[in-house]
Amino acid sequence: MEVASMESIGVLMTNQMYPYLEDQLAKRFNLFRLWNYPSLSAFAKAHANSIRAIVGSTKMGADATMIDSLPKLEIVCTFSVGLDKIDLPKCKQRGIPVANTPDVLTDDVADLAIALALSVSRRICVSDSFVRNHSWTKSPFYLTYKFSGKTVGIVGLGRIGSAIAKRAAAFGCPISYHSRSEKPDTGYKYYSNILDLASNSQILIVACALTQETHHIVNRQVIDALGPKGILINIGRGQHVDEAELVSALKEGRLAGAGLDVFENEPHVPEELLSLDNVVLVPHIGSDTVETSNAMADLVIANLEAHFQNKPLLTPVT
Ligand SMILES: O=CC(=O)O
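Bear in mind that the values here come from a model prediction, so they are computed numbers and not experimental data.

Focus: the overall build of the protein
Of the regular secondary structure elements, the protein holds twelve helices and twelve strands. Its C-alpha radius of gyration of 22 Å places the protein within 12% of the 20 Å reference for a compact globule of 318 residues. Principal-axis analysis of the C-alpha atoms gives the protein an extent of 65 × 50 × 30 Å. Relative to its 318 residues, the protein shows a buried fraction of 49%. Excluding contacts between residues fewer than 6 apart, the proportion of contacts in the protein whose partners are at least 24 apart in sequence is 57%. Counting every atom, the protein has about 15,500 Å² of accessible surface; 52% of that belongs to carbon and sulfur. Treating the 29 positive side-chain charges of the protein as one cloud and the 33 negative ones as another, the clouds have centres 2 Å apart.

Rendered as structure tokens:
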């Protein structure tokens, strides 16, 4: 099928993501924007039979209700590596392939994990404010803590976890990890139990996928095992961490600090975190660079075009 003949194919974007992606989709397909409709049911009533593809994101994917309301749906693509907003069993049951955007974002997310670990350890954000608000003219900044050489524990040694490990190793950090199964030939120490990983780490970095098994994988026990000198970094999903427990631990000095890209109820962040000097908070920007966002958008388009040309998907979720 020629690219031009795809113009009649109905594609539903679930929410506003990235203008370049939206423009490219609109150029190639018959693009429907869900946010222009009062509700999914109002949209489905008008256009259910037109939609052959969904493009979702970390904010809104494709849940069972959406999938069930689109009888002609053939493929779900997500502008993300994470699949937690897609009902995968439902897609499987309907024989609907799913494609995400792995690999192209790995470097950025791993870079951010290290940036957060450095920022928390060295209090980069607080010391930046210290200069801006002229405090430096009155006193020197207080001493912070070293990052190089700290023991780093990684939860989830997939593509992103491995990229974080590589970077942390370059800082002279001994690396350990926890995952469902031991990975052969990594040279990193494996812990089958996250509590043991946390007890043996000074910095714990969450980099696994969000599933039922990993929901609140960082709970009070894990936080206490990491201990009052420990730092937690989360570039996975907010739901990996019991946020209420994290807030209490930080307030009570049972944890030294945290660097968070993700939150349980994004974009809402617990008020208590906002006044703490020992946390660095960023708005789920792990892959949000121009280069990577473009690459992710191109991958979404390439997967859709492959599907509608009966070619194999570039990055199918298996
Ligand atoms: O959170 C970002 C992603 O899943 O790509």
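Examining the UniProt feature "domain: D-isomer specific 2-hydroxyacid dehydrogenase NAD-binding" (unreviewed entry) in the protein
Per the UniProt record, the feature "domain: D-isomer specific 2-hydroxyacid dehydrogenase NAD-binding" (unreviewed entry) sits at residues 114–286. Strand forms 14% of residues 114–286 and helix 33%; the C-alpha atoms that close the span are 11 Å apart.

A few points about the pairing of strand 6 (residues 152–155)
Along strand 6, one buried face is formed by Val152 and Ile154 and the opposite face, lined by Gly153 and Val155, is buried too. As paired elements, strand 6 and strand 7 (residues 175–178) share four bridges and run parallel to each other. Along strand 7, the bridge assignment pairs Val152 with Ile175. Viewed along the sheet, the connection from strand 6 through helix 7 (residues 159–170) into strand 7 turns out right-handed. Note that strand 6 and strand 9 (residues 203–206) share four bridges and pair parallel. Paired with Val155 across the bridge in strand 9 is Val206.

Remarks on the sheet that holds strand 5 (residues 98–99)
Spatially, the five strands line up as an open sheet ordered 2-1-3-4-5, and their pairing is parallel. What marks the edges here is a single partner per strand, and that holds for strand 2 (30–33) and strand 5.

With respect to the sheet that holds strand 9
Within a sheet, neighbouring strands are paired by backbone hydrogen bonds and run either parallel or antiparallel to one another. Ordered by their spatial adjacency, seven strands build an open sheet running 8-7-6-9-10-11-12, and the pairing between neighbours is parallel. Two strands in the sheet have a free side with no partner beyond their single neighbour: strand 8 (189–190) and strand 12 (279–281). As paired strands, strand 7 and strand 8 are joined by two bridges and run parallel to one another. Looking at the pairing, Ser176 lines up with Lys189 of strand 8. Contacts from helix 5 (residues 106–122) reach strand 9, strand 10 (231–234), strand 11 (257–260) and strand 12, with the element oriented near 150° to strand 10. Helix 10 (residues 243–252) contacts strand 10, strand 11 and strand 12 of the sheet and is inclined by roughly 140° relative to strand 11.

Notes on the side chain of Ser293
You can see Ser293 is positioned in helix 12 (residues 290–308). On the basis of relative accessible area, Ser293 is assigned to the buried category, the value being 8%. Excluding anything up to four places from it in sequence, Ser293 contacts Tyr18, Phe79, Ser287 and Asp288.

Some words on the nonpolar core
One broad trend across soluble globular proteins is that nonpolar side chains are buried collectively. Leu21, Leu25, Val152, Ile154, Ile164, Ile235 and Leu304 are the most contacted members of the largest nonpolar core, which has 52 residues in total. Looking at this core element by element, the count peaks at eight residues for helix 5. Every residue in contact with Val152, bar those within four places of it in the chain, is listed here: Phe147, Ala168, Cys173, Pro174, Ile175, Ser176, Ser201, Ile203 and Ile205.

Description of the site of the ligand
Close to the ligand lie Thr58, Ser80, Val81, Gly82, Leu105, Arg237 and His284, which account for all nearby residues. For the ligand, an oxygen atom lies 2.7 Å from a polar atom in the side chain of Arg237. Measuring from an oxygen atom of the ligand, one finds a side-chain N or O atom of His284 at 2.7 Å. Surface burial for the ligand is 89%, taken as the share of its 190 Å² of free accessible area covered by protein chains. Taken together, the residues of the shell around the ligand break down into two nonpolar, four polar and one charged.

As for the pattern of salt bridges
Tallied over the entire structure, the rule returns 14 salt bridges. Arg254 is paired through a salt bridge with Glu252; the nearest N and O atoms lie 2.8 Å apart. By relative accessible area, which is 17% here, Arg254 ends up buried. Glu252 sits in the exposed class, given a relative accessible area of 52%. Salt bridges here are not isolated pairs; linked through shared partners, they connect Arg220, Asp224, Glu245, Glu252 and Arg254.

A word on the state of the cysteines
Enumeration over the complete set of coordinates arrives at zero disulfides. With no disulfide of its own, Cys77 has Cys91 as its nearest cysteine by sulfur position, at a separation of 11 Å. Cys173 takes part in no disulfide bond, and the closest cysteine sulfur, belonging to Cys125, lies 19 Å away. You can call Cys173 buried: its relative accessible area is 4%.

Conventions used here
- Starting from 1, residues in each chain are numbered consecutively following that chain's sequence as written.
- Note on the predicted model: pLDDT of at least 70 is required for a residue's local features to be given, and 80 or more for side-chain atom pairs to be given and counted; whole-chain, interface and lining totals, by contrast, use all residues.
- With hydrogens and water stripped out, all remaining heavy atoms of the structure feed into the side-chain values.
- The way it works is that DSSP assigns letters per residue, a run of H or I at least four long becomes a helix, a run of E at least two long becomes a strand, and they are numbered from the N terminus.
- Just to be clear, the radius of gyration here is over C-alpha atoms, and the globule rule we use is 2.2 Å times residues to the power 0.38.
- When a residue's accessible area, from a 1.4 Å probe over protein chains only, is under 20% of the maximum for its type it is buried; when over 50% it is exposed; and in between it is partly exposed.
- We call two residues in contact when some of their heavy atoms are within 4.5 Å.
- Only the protein chains shown count as cover for residues, and the accessible areas themselves come from Shrake-Rupley with a 1.4 Å probe.
- In this charge count, Lys and Arg are treated as positive and Asp and Glu as negative; neither His nor the chain ends contribute.
- Where a charge lies is defined by one atom per residue type, namely NZ (Lys), CZ (Arg), CG (Asp) and CD (Glu).
- UniProt positions are given in the numbering used here, feature names are shortened, and annotations may be inferred rather than shown by experiment.
- When DSSP finds at least two bridges between two strands, those strands are taken to pair.
- Crossovers are marked right-handed if the path from the first strand over the helix to the second runs clockwise, as seen with the strands pointing away from the viewer.
- In this analysis, axes come from line fits to C-alpha atoms, helices being fitted only over the stretch in contact, and the angle between any two N-to-C directions falls in the range 0 to 180 degrees.
- We call a set of buried Ala, Val, Leu, Ile, Met, Phe, Trp, Tyr and Cys residues a nonpolar core when their side-chain atoms join them within 4.5 Å.
- We call a residue near a given molecule or strand whenever any one of its heavy atoms falls within 4 Å of it.
- A 3.5 Å cut-off defines polar contacts: any pair of N or O atoms within that distance qualifies, except that in protein one atom must be a possible hydrogen donor and the other a possible acceptor, and neighbouring residues in sequence count only when both atoms are side-chain atoms.
- Amino acids outside the nonpolar list (Ala, Val, Leu, Ile, Met, Phe, Trp, Tyr, Cys, Pro) and the charged list (Asp, Glu, Lys, Arg) are all regarded as polar, and Gly is one of them.
- Throughout this description, the term salt bridge denotes a Lys or Arg side-chain nitrogen within 4 Å of a carboxyl oxygen of Asp or Glu.
- Two cysteine sulfurs form a disulfide in these notes if their separation is within 2.5 Å.

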